[in-house]
Number of protein chains: 2
Amino acid sequence: MIVDCLQYSKPSRERFLEWQAGRVGCVHVTLAVWETARETLSVIGQWNDLFAENADLVALARTAEEIQAIAASGRTAVVFGFQNTAPLEDDIRLVQVFHDLGVRIVQLTYNTQNSIAAGCWENEDSGLSTHVGRQFVRELNQVGMLIDLSHCSERTCLDTIEASSAPVAVTHANPIEFVGSEVELGRRPKSTEVLNALVARGGVVGLSPYVRMLKNGIHTTEQEFVDMISWSVDKFGAEHVALGTDFYTGYGIEAVKWWRMGRWGRESPFPIDEQAPVVEWPAWFTSPEAFPSMVAAMEKSGFGTTELDLVLGGNWIRLFGEVFDRQTP
Amino acid sequence: MIVDCLQYSKPSRERFLEWQAGRVGCVHVTLAVWETARETLSVIGQWNDLFAENADLVALARTAEEIQAIAASGRTAVVFGFQNTAPLEDDIRLVQVFHDLGVRIVQLTYNTQNSIAAGCWENEDSGLSTHVGRQFVRELNQVGMLIDLSHCSERTCLDTIEASSAPVAVTHANPIEFVGSEVELGRRPKSTEVLNALVARGGVVGLSPYVRMLKNGIHTTEQEFVDMISWSVDKFGAEHVALGTDFYTGYGIEAVKWWRMGRWGRESPFPIDEQAPVVEWPAWFTSPEAFPSMVAAMEKSGFGTTELDLVLGGNWIRLFGEVFDRQTP
């Protein structure tokens, strides 16, 4: 089963049909980046409509078992996640409230500093904050939310891996040691120190064909992407490497401005080229329909069945099972 | 004229009568600490009622000139302030919205880390944040809001004094060099380095008889408080030292819990003694009615008329004039 541990496309039946064509059993989708609690409730309402209208293709999953049952029925299981703690609005009791609504994965911050943690765009990196950050990590652990560190700073990653009583995830980022530190302005790729600490505690990293995190950008070949998977498996272990494509489509320039600076900025920290396409994907991964080709390339590169099962989905299912089901009521 | 650049009592006619008895011409009051934008609108609504019901005693002031006119009429001018950026909810355009509603003073953070800055309770101090913090400082400058650094970290103070194009304030804190660094767990007193940088840019510090920031706590005498004013005037200049008592009354233990941890915590970072009084004041300052006695003690200690005028109110009026009136529409 293929689990893609992050996509952020504008949701529609067209996308769900691509998931089916790509034999994707589970997708972790993003409900919110800068959205408030109230706005996020409406996003959940829109998803509820989509589930009702597309019950032949998709269903919400709240546990690892539900994911497996939905995938076994030939549909795609959707796992709700936040790419920021903005919807929690510094109210620790909203962790349980959003868990009750199906949210299972929460990234501590999206690029910039917030009350909980430093993001990867900060020049001064104070990591997980002393009071708010540490109390929220404990709450997320207790409620059964998987903590995602993808857009967090180096030190936030190290602090959180240490502070968390449950294993954590980097749902969508590539290793600096493989792709180089210069591929992306925003310091998104993860250091070997972070990834070693992550896997030592049972965490999983999802690799991405997002061109701003690939060594050769838009020119990266499918074989070079598979080489990054092989390298990562050799370096960090087949039980800890998986997929998180970061795939998205369907947005205009306004969405890019929203992601970059929410409502907090009048100027984007990085220039936005209004003429350029919102996003470009390598020719061999222009939609999730491309997964079977990627799997074939992995088989050709020597991945055995056990390794394939782990990397394509087994590692995420194992981690989801450990975290989502440890809820202490 | 006496300007008290922070009080946080539960507002009522009884308090306004104390202001009149104490000959207080202007008080900077706190509308919000952890309150959301919506909650803060209701607080403003409650103040509007109080202004209508007590028009013989108080009125809202939006400029330095309005403060002087209200005080000249024998009433007390109220300046609205926030002790946190929580009501701005990471929306940079809410700075102007709350300015339109009369808010003129904004503290960047209240003790803990937020998206804008590190507070004085953080163990790791990254100062003003790279993106959100710097954009908000620019916005506050442009809109004509006075930035308050009282509960901010050392580095947030230094970064903000440097980044701000307008002079800034420490509305209520005492000098570490005079009171010692051990008087308060929460690192509230300000270092000489911060106060020197503040005054070099035209800022003002308000001294407070809050017992947790006094060298001899509850046993501090009025003369010892006056000695701190004298010492501060000698050290930082009569144009930069003023009063910000932090006086508050009228609350129960629930308010203490709210101030300590808003909605973000399940545990207070510092133990709360539920049996102890919410707050205690030195015997010579149990209400703003005590100001005339304090003024007499200052005169007895050798303060001249010019110095007295500056320290009691002139410095705040000068700073308010420079900041509130520089609004660029």
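The rules behind the values
- Numbering of residues starts from 1 in every chain and runs along the sequence as written.
- To label them, take the chains in the order written and letter them from A, then take the ligands in the order written and number them from 1.
- Local features in a predicted model are, by the rule used here, given only for residues with pLDDT of at least 70; side-chain atom pairs are given and counted only at 80 or more, and totals for whole chains, interfaces and linings are based on all residues.
- The basis for every side-chain value is the complete set of non-hydrogen atoms in the structure, without hydrogens or water.
- Within this analysis, patches are made of residues with over 30% relative accessible area and no salt bridge. Like charges are joined at 9 Å or less; nonpolar side chains (Val, Leu, Ile, Met, Phe, Trp, Tyr) at 5 Å or less.
- Note on areas: Shrake-Rupley with a 1.4 Å probe; residue coverage comes only from the protein chains shown.
- Any Lys or Arg side-chain nitrogen located within 4 Å of an Asp or Glu carboxyl oxygen qualifies as a salt bridge.
- Put simply, DSSP H or I for four residues or longer makes a helix, DSSP E for two residues or longer makes a strand, and each gets a number counted from the N terminus.
- To superpose the copies, least squares is applied to the C-alpha atoms of every residue with a pLDDT of at least 70 in both.
- Only heavy atoms matter for contacts: two residues are in contact if any of them lie within 4.5 Å across the pair.
- Working definition of a nonpolar core: buried Ala, Val, Leu, Ile, Met, Phe, Trp, Tyr and Cys residues. They are joined through side-chain atoms within 4.5 Å.
- Working definition: with a 1.4 Å probe on protein chains only, accessible area under 20% of the residue-type maximum means buried, over 50% means exposed, and in between means partly exposed.
- Summed over both partners, the accessible surface that disappears when two parts come together, traced with a 1.4 Å probe, is what is meant by buried area.
- Disulfides are defined as cysteine sulfur pairs within 2.5 Å.
- Multiplying 1.5 Å by the residue count of a helix minus one yields the expected span of that helix.

Asks: Give me a nonpolar patch on the surface: which residues, what numbers.
Replies: On the surface, a cluster of nonpolar side chains totalling about 210 Å² of accessible area is made up of Leu41(A), Val97(A) and Leu101(A). Looking at the secondary structure, you find Leu101(A) in the loop between helix 4 (94-100) and strand 5 (103-107).

Asks: So what's going on with the relation of the copies chain A and chain B? Residues and values would help.
Replies: Its rotation angle being 180 degrees, the transformation that places chain A on chain B also includes 0.0 Å of axial translation and leaves an RMSD of 0.0 Å. Considering both components of the superposition, the chain copies are consistent with a two-fold axis. Most of the interface of chain A is mirrored in chain B, where 100% of its interface residues are also at the interface.

Asks: Could you give me a rundown of the nonpolar core, with the residues and numbers involved?
Replies: In this structure, Trp47(A) and Trp47(B) are the most contacted members of the largest nonpolar core, which totals 180 residues. Beyond its immediate sequence surroundings of up to four residues, Trp47(A) is in contact with Pro11(A), Phe16(A), Trp19(A), Val29(A), Leu31(A), Val78(A) and Phe80(A).

Asks: Summarise unusual backbone geometry; cite the residues concerned and give the values.
Replies: Residues and elements named next belong to chain A. One non-glycine residue, Asp-90, adopts positive backbone phi at about 55 degrees. Relative to the helices and strands, Asp-90 resides in the loop between strand 4 (76-82) and helix 4. Overall, the relative accessible area of 33% leaves Asp-90 in the partly exposed class.

Asks: Go over the interface of chain A and chain B, please, and point to the residues and values.
Replies: Across the contact, 28 residues belong to chain A and 28 residues belong to chain B. Counting each side, the surface lost to burial between chain A and chain B is near 2,800 Å², with a carbon and sulfur contribution of 47%. Three residues stand out in chain A for area buried against chain B, namely His131(A), Trp264(A) and Arg266(A), and they jointly supply 23% of the buried area on that side. Put simply, Glu139(B) and Arg266(A) hold a salt bridge, and the shortest N to O gap is 2.6 Å.

Asks: Tell me what's going on with the state of the cysteines, and back it up with residues and numbers.
Replies: All names here are of chain A. Per the stated rule, a full pass over the model turns up zero disulfides over all chains. Just so you know, Cys-152 is unpaired, no disulfide at all, and the nearest cysteine sulfur is the one on Cys-157, 5.6 Å from it. For Cys-157, a relative accessible area of 0% translates into the label buried.

Asks: Can you lay out helix 5 (residues 132-143) of chain B for me, pointing to particular residues and giving the numbers?
Replies: Residue and element names in this part refer to chain B. Given a rise of 1.5 Å per residue, twelve residues ought to cover 16 Å, and the 16 Å separating the end C-alpha atoms of helix 5 matches this to within 8%. Burial of helix 5 is extensive: nine of the twelve residues sit out of reach of the surface. For helix 5, the complete set of buried residues consists of Val-132, Gly-133, Gln-135, Phe-136, Val-137, Glu-139, Leu-140, Asn-141 and Val-143. Those residues of helix 5 that are buried lie in contact with helix 4 (94-100), strand 5 (103-107), strand 6 (146-148) and helix 6 (154-163). Looking one or two residues beyond helix 5, the residue adopting positive phi is Gly-144, at roughly 95 degrees.

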